[in-house]
Amino acid sequence: MSTISEYTASIFSLEGKTALVTGGATGIGYMIAHALVSAGAKVYIASRKFAACQQAADNLADLPGSCIPFGADLSSETGVVSLAEFIAANEPALHILVNNSGRSWGAAFAQFPWQAWEDIMTLNVTAPFTLIRELTSLLAASGTANDPSRVINIGSIMGMEPHGFPAYSYSASKAAIHHITRFLSNELAAKHITVNAIAPGPFPSGMTEFFIQDEKLTSAVTQGVPLGRLGRPEDFAGLILCLCGISGAYISGAIIPLDGGMNSARTLGLEQGIE
Ligand SMILES: NC(=O)c1ccc[n+]([C@@H]2O[C@H](COP(=O)([O-])OP(=O)(O)OC[C@H]3O[C@@H](n4cnc5c(N)ncnc54)[C@H](OP(=O)(O)O)[C@@H]3O)[C@@H](O)[C@H]2O)c1
């Protein structure tokens with residue numbers, strides 16, 4: 001790219017790029033898929049509910065890129081491998097992988113169930129790690145020194161600092177995916193693949209419905225956000241396009257908070273509302 005003005009004209013274009021977003025039919029995954037399709041990418045979205053993925057793809061049909069739904073349960077190695085095989089059967093290369101599917105579990109310390117460790121760690125850590133492993137050759141096929149392919153893991157501010165809410169396995173899983181992000185950014189750099197994580201603060205979604213529907217809890221959460229509000233789809237779109245466009249070619253191994261300043265604040269303010 002010869003001049004800064006040519007560069008800025010195309011900085012967020014994803015024309016000709018292919019992406020996979022897990023959990024892309026709802027919440028943050030849909031915000032991400034929406035941004036990528038708007039920027040011209042061909043985006044596969046995958047999660048357990050095929051009908052929800054189909055509906056999301058239909059909603060994005062009039063945008064410059066395209067969206068292809070796929071039904072995949074990522075809570076087992078078989079499910080992860082079949083998603084990777086589906087992508088490999090349809091694409092010679094993959095430019096962008098967003099590991100967004102995830103779940104949480106909140107319970108008091110004394111009663112915290114064993115299964116809530118296994119299920120959360122499997123979906124939030126083992127699945128994204130395995131999906132990256134299974135898709136490495138397709139990602140390497142598209143990455144170049146000037147424009148590497150991109151892996152983005154969706155972590156959480158809960159994986160950075162203790163924030164009060166008793167989601168023990170969830171917080172540990174998000175700290176783990178942040179660490180795996182740094183680890184793999186070293187491992188995969190030679191293949192021209194960047195690996196970063198976004199650590200969101202509170203965004204409206206199925207996962208946060210329990211406090212969004214309660215005015216008192218929502219107000220407690222927003223009070224804990226220095227910028228005084230919940231995240232919006234536009235906030236996600238801006239960071240995703242920055243990382244996936246040519247603007248993100250030299251960013252790797254970063255854990256980027258997207259949280260209205262919460263990373264340096266002490267609590268989510270949810271302690272009063274959780275049994
Ligand atoms: N919202 C927030 O405030 C917030 C803050 C920090 C981090 N995050 C992270 O953002 C990511 C998205 O969460 P969200 O807030 O947008 O909640 P969400 O709308 O509930 O999204 C979770 C997604 O994961 C998918 N999923 C769940 N189990 C799955 C499985 N076994 N296999 C494949 N996909 C599965 C769900 O689709 P199906 O049900 O169709 O499978 C859904 O699309 C998660 O990693 C979450 O930890 C969210």
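Up top you'll find the structure we're talking about.
Procedures and definitions
- Residues numbered from 1 in each chain as written.
- Predicted model: local features only at pLDDT ≥ 70, side-chain atom pairs only at ≥ 80, totals over all residues.
- Helix = DSSP H or I, 4+ residues; strand = E, 2+ residues; numbered from the N terminus.
- Buried ≥ 20, exposed ≤ 12 C-beta atoms within 10 Å, placed from the backbone.
- Axes fitted to C-alpha atoms, helices over the stretch in contact; angles between N-to-C directions.
- Parallel < 35°, antiparallel > 145°, perpendicular 65-115°, else oblique.
- Left-handed = near helix turned anticlockwise from the far one by under 90°.
- Contact = placed C-beta atoms within 7 Å.
- Nonpolar A, V, L, I, M, F, W, Y, C, P; charged D, E, K, R; others polar.
- Pairing = 2+ DSSP bridges.

Chemist: For unusual backbone geometry, give the residues involved together with the corresponding values.
Modeler: The backbone of His-192 sits at a positive phi, close to 60°, despite the residue not being glycine. Along the chain, His-192 falls in the loop between helix H6 (168–189) and strand S6 (193–200). Residue His-192 is classed as partly exposed on the basis of its 18 C-beta neighbours within 10 Å.

Chemist: So what about the packing of helix H5 (residues 115–142) against H6? Which residues, and what values?
Modeler: Here H5 crosses H6 at 15°, and the two axes come no closer than 9 Å. With respect to each other, H5 and H6 are oriented roughly parallel. In this structure, H5 crosses over H6, and the sense of that crossing is right-handed. Each of Ala-116, Trp-117, Ile-120, Met-121, Asn-124, Val-125, Pro-128, Phe-129, Ile-132 and Thr-136 in H5 lies in contact with H6, whose residues at this interface are Ser-169, Tyr-170, Ser-173, Lys-174, Ala-176, Ile-177, Ile-180, Leu-184 and Leu-188. Of the residues contributing to the contact of H5 with H6, the split by class is 14 nonpolar, 4 polar and 1 charged.

Chemist: Account for the sheet that holds S6, with residues named and values stated.
Modeler: Pairing is parallel in the open sheet, where 7 strands are placed in the order S3-S2-S1-S4-S5-S6-S7. Among the strands making up the open sheet, the edge pair consists of strand S3 (66–71) and strand S7 (255–258). Each neighbouring strand pair of the sheet contributes to a mean axis angle of 20°, computed without reference to strand direction. For strand S5 (residues 149–154) and S6, the ladder comprises 6 bridges, and the chain directions are parallel. The residue bridging Ile-154 from the neighbouring strand is Ile-198, located in S6.

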